[in-house]
Amino acid sequence: MMRQTCIRMPARPIAARLYCRSLSTQSLKDAIKETIPVKQEQLKRIKAQHAGTTIGEVKVENVIGGMRGLKAMLWDSSVLDPEKGIRFHGLSIPDCQQQLPAAPGGKEMIAESMLWLLLTGKVPSEAQTRTLSRDLVERGTLPNYVEKLIDSLPATLHPMTQLGMGVAALNHDSLFQAAYEKGIKKSEYWEATLEDCLNLISRLPALAARIYRNVYNPGKAMESLDKNLDLVGNYVRLLGFGDNHSLTEYLRLYIALHGDHEGGNASAHTAHLVGSTLSDPYLSYSAALFALAGPLHGLANQEVLRWQMAMQTEIGSDVTHDRIKEYLWKTLKSGQVVPGYGHGVLRNPDPRFIALQQFCDSKPELQDSPIIQLVKKTYEVAPGVLKEHGKTKNPYPNVDATSGCVLYHYGLTQFKYYTVIFGVSRALGCITQLVWARALGLPLERPKSLSLDAIEKLAKSA
Ligand SMILES: CC(=O)SCCNC(=O)CCNC(=O)[C@H](O)C(C)(C)COP(=O)(O)OP(=O)(O)OC[C@H]1O[C@@H](n2cnc3c(N)ncnc32)[C@H](O)[C@@H]1OP(=O)(O)O
Ligand SMILES: O=C([O-])CC(=O)C(=O)O
């Protein structure tokens with residue numbers, strides 16, 4: 001009998017506490033405005049009392065090892081625990097699933113309620129969530145010049161390149177940039193930034209759907225935005241899958257839970273770095289998207305599907321654990337990474353992976369899907385193989401191991417497009433940080449670098 005590594009799928013726990021809810025009629029801007037002096041005061045206190053306090057050490061391995069483990073960044077909206085995974089202002093994914101409002105007729109948390117939580121630290125009321133949805137849809141039409149730009153690009157240009165270009169071009173209308181040119185005060189930066197950020201997130205569905213249409217369905221008429229739908233409801237409608245309620249719900253969950261993963265991941269860190277130069281939110285997020293487009297980061301979800309499909313072709317209908325194990329070893333022996341496994345911080349199965357798997361388990365049609373079964377069988381053996389291989393510090397699946405197979409099952413089969421969906425989501429966390437970095441007056445990011453000689457000299461004298 002082959003040994004299998006079992007991944008426990010916890011039932012959704014009852015949240016230990018009811019998280020502090022926003023006053024039900026307060027606007028998003030007022031909720032942020034109310035919190036700004038509190039956070040500013042906290043930052044002032046930390047500076048005054050602890051500026052010189054050591055909270056960690058810098059080892060040579062941190063400097064030459066991609067800064068892994070270095071505590072060197074302020075990011076307030078979420079914190080990643082290596083064992084337990086992500087917490088959004090202290091709330092776990094199951095807490096969020098239980099407390100964040102869903103769309104009318106839906107069960108899954110939505111992008112708007114997650115965005116509200118990230119930006120304000122509070123769980124929005126149902127009414128606040130609807131108001132935000134309506135505000136976003138009213139801002140969500142793509143400017144004509146961006147439509148023309150996207151329409152002019154070759155269908156062979158990777159969808160992520162198109163997304164990054166489209167987002168960068170939106171900076172034509174940046175309110176922050178215009179206000180900066182006029183000479184607004186530093187204390188006012190956050191308001192123009194918030195406006196840009198809300199415009200950016202509202203336009204991502206139309207931009208991302210335009211790219212999908214041009215690359216995969218050229219010439220096909222696109223639906224218009226529906227004022228009664230939430231952000232993701234509209235995105236799915238524009239993609240042409242609006243009648244698929246299960247896919248819509250899946251994407252609501254997907255986009256809410258991929259939204260933020262603390263600050264050190266490559267896309268979030270890039271948005272923060274570029275934003276720290278006072279580049280506007282469009283340019284900052286465009287840069288982040290090009291980090292997300294790398295196969296060790298967001299593009300891994302595309303790579304997982306490509307790899308699983310190649311595995312399926314090779315092993316045919318005889319899908320056994322032994323055949324999958326052989327294929328895993330073949331991948332590793334050829335010097336490639338197993339996409340969807342391992343992580344820079346996590347040391348357990350990714351709770352986002354678990355939440356998406358629970359979604360699969362809740363839908364009978366997904367349990368019978370060959371691609372979903374293959375992904376599931378793969379994670380039953382991959383951790384054991386990776387442990388035996390002995391290199392990766394985390395042999396467990398990350399979110400990318402499973403996020404694409406449900407899309408594939410529901411007919412969104414063009415896996416080069418998958419990272420674009422991730423890109424629509426990751427804006428939630430990146431724009432939150434941009435608003436707060438301006439509200440707190442965070443400085444230009446500029447760490448010290450060292451040459452090889454300098455590292456050796458410092459290490460010898462330490
Ligand atoms: C949304 C996200 O971004 S989640 C991550 C998505 N990326 C992937 O799924 C790609 C596959 N995974 C990986 O390449 C890695 O696990 C990363 C990039 C995510 C993390 O990298 P690290 O923090 O450097 O991982 P770690 O410290 O465990 O690496 C140690 C060694 O194990 C290897 N390793 C790590 N993960 C894997 C894997 N999935 N398959 C094979 N080897 C692996 C590394 O390449 C490294 O080898 P090296 O010493 O020859 O350079
Ligand atoms: O945290 C990371 O390094 C990568 C990741 O999972 C994410 O950005 O979602």
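Note that this is a predicted model, so its numbers are computed, not measured.

(A) Structural context of the nonpolar core. Counting 103 residues, the largest nonpolar core has Met114, Leu412 and Tyr417 as its most contacted members. Ignoring sequence-local partners within four residues, the contact set of methionine 114 consists of Phe88, Cys96, Leu100, Met109, Ala256 and Leu428.

(B) Broad picture of the UniProt feature "active site" (unreviewed entry) in the protein. Here the UniProt feature "active site" (unreviewed entry) sits at His297, His343 and Asp400. The annotated residues occupy 104 residues of the chain but converge on a single region, no pair of C-alpha atoms lying more than 10.6 Å apart. Within the secondary structure, histidine 343 sits in the loop between helix H15 (321-333) and helix H16 (351-361). Residue classification places histidine 343 among the partly exposed residues on the basis of a relative accessible area of 25%. For histidine 343, the residues in contact, after removing those within four places along its chain, are Leu80, His261, Arg352, Asn394 and Asn398. Reaching out from histidine 343, the side chain makes a polar contact with the backbone nitrogen of valine 345 at a distance of 2.9 Å. On the secondary structure map, aspartate 400 appears in helix H19 (residues 400-409). Residue classification places aspartate 400 among the buried residues on the basis of a relative accessible area of 6%.

(C) Layout of the packing of aromatic side chains. What the rule picks out here adds up to 12 aromatic pairs. The interplanar angle of 55° and the centroid separation of 6.0 Å between the aromatic rings of tyrosine 180 and tyrosine 189 together place this pair among those described as tilted. What makes tyrosine 180 partly exposed here is its relative accessible area of 44%. Tyrosine 189 gets classed as buried once you look at its relative accessible area, which sits at 10%. The interplanar angle of 80° and the centroid separation of 4.8 Å between the aromatic rings of phenylalanine 353 and tyrosine 379 together place this pair among those described as edge-to-face. One end of the pair, phenylalanine 353, is in helix H16; the other, tyrosine 379, is in helix H18 (residues 370-389), with 26 residues separating them in the sequence. Tyrosine 379 sits in the buried class, given a relative accessible area of 6%. Stacked on the ring of tryptophan 190, the Lys or Arg lysine 29 has its end atom at 5.9 Å from the ring centre. The ring centre of phenylalanine 359 lies 5.0 Å from the NZ or CZ of lysine 363, which sits over that ring.

(D) Fine view of the site of ligand 2. In the region of ligand 2, the neighbouring residues are His261, Asn265, His297, His343, Arg352, Phe422 and Arg426. In the model, an oxygen atom of ligand 2 is placed 2.7 Å from a nitrogen or oxygen of the arginine 352 side chain. At 2.7 Å, a side-chain N or O of arginine 426 approaches an oxygen atom of ligand 2. About the coverage of ligand 2: the protein hides 83% of its 260 Å² of free accessible area. A class-by-class count of the residues in the shell around ligand 2 yields 1 nonpolar, 4 polar and 2 charged.

(E) Focus on helix H1 (residues 28-50). Between its terminal C-alpha atoms H1 stretches 32 Å, which fits the 33 Å expected from 23 residues at 1.5 Å a residue. Leu28, Ala31, Ile32, Thr35, Ile36 and Leu43 are the residues of H1 that are buried. Where H1 is buried, its residues touch helix H4 (111-120), helix H5 (126-139), helix H9 (189-216) and helix H20 (418-439).

Here is what the cut-offs are and how they apply
- Residues numbered from 1 in each chain as written.
- Chains lettered and ligands numbered in written order.
- Predicted model: local features only at pLDDT ≥ 70, side-chain atom pairs only at ≥ 80, totals over all residues.
- Heavy atoms only, no water.
- Core = buried A, V, L, I, M, F, W, Y, C linked by side-chain atoms within 4.5 Å.
- Buried < 20%, exposed > 50% of the residue type's maximum accessible area, 1.4 Å probe, protein only.
- Contact = heavy atoms within 4.5 Å.
- UniProt positions renumbered as here; feature names shortened; annotations may be inferred.
- Helix = DSSP H or I, 4+ residues; strand = E, 2+ residues; numbered from the N terminus.
- Polar contact = N/O pair within 3.5 Å; in protein donor to acceptor, adjacent residues only side chain to side chain.
- Phe/Tyr/Trp six-rings, centres within 6.5 Å; stacked < 30°, edge-to-face > 60°.
- Lys NZ or Arg CZ within 6 Å of the ring centre and 35° of its normal.
- Near = heavy atom within 4 Å.
- Areas by Shrake-Rupley, 256 points an atom, 1.4 Å probe, with all protein chains shown as cover.
- Nonpolar A, V, L, I, M, F, W, Y, C, P; charged D, E, K, R; others polar.
- Expected span 1.5 Å × (residues − 1).

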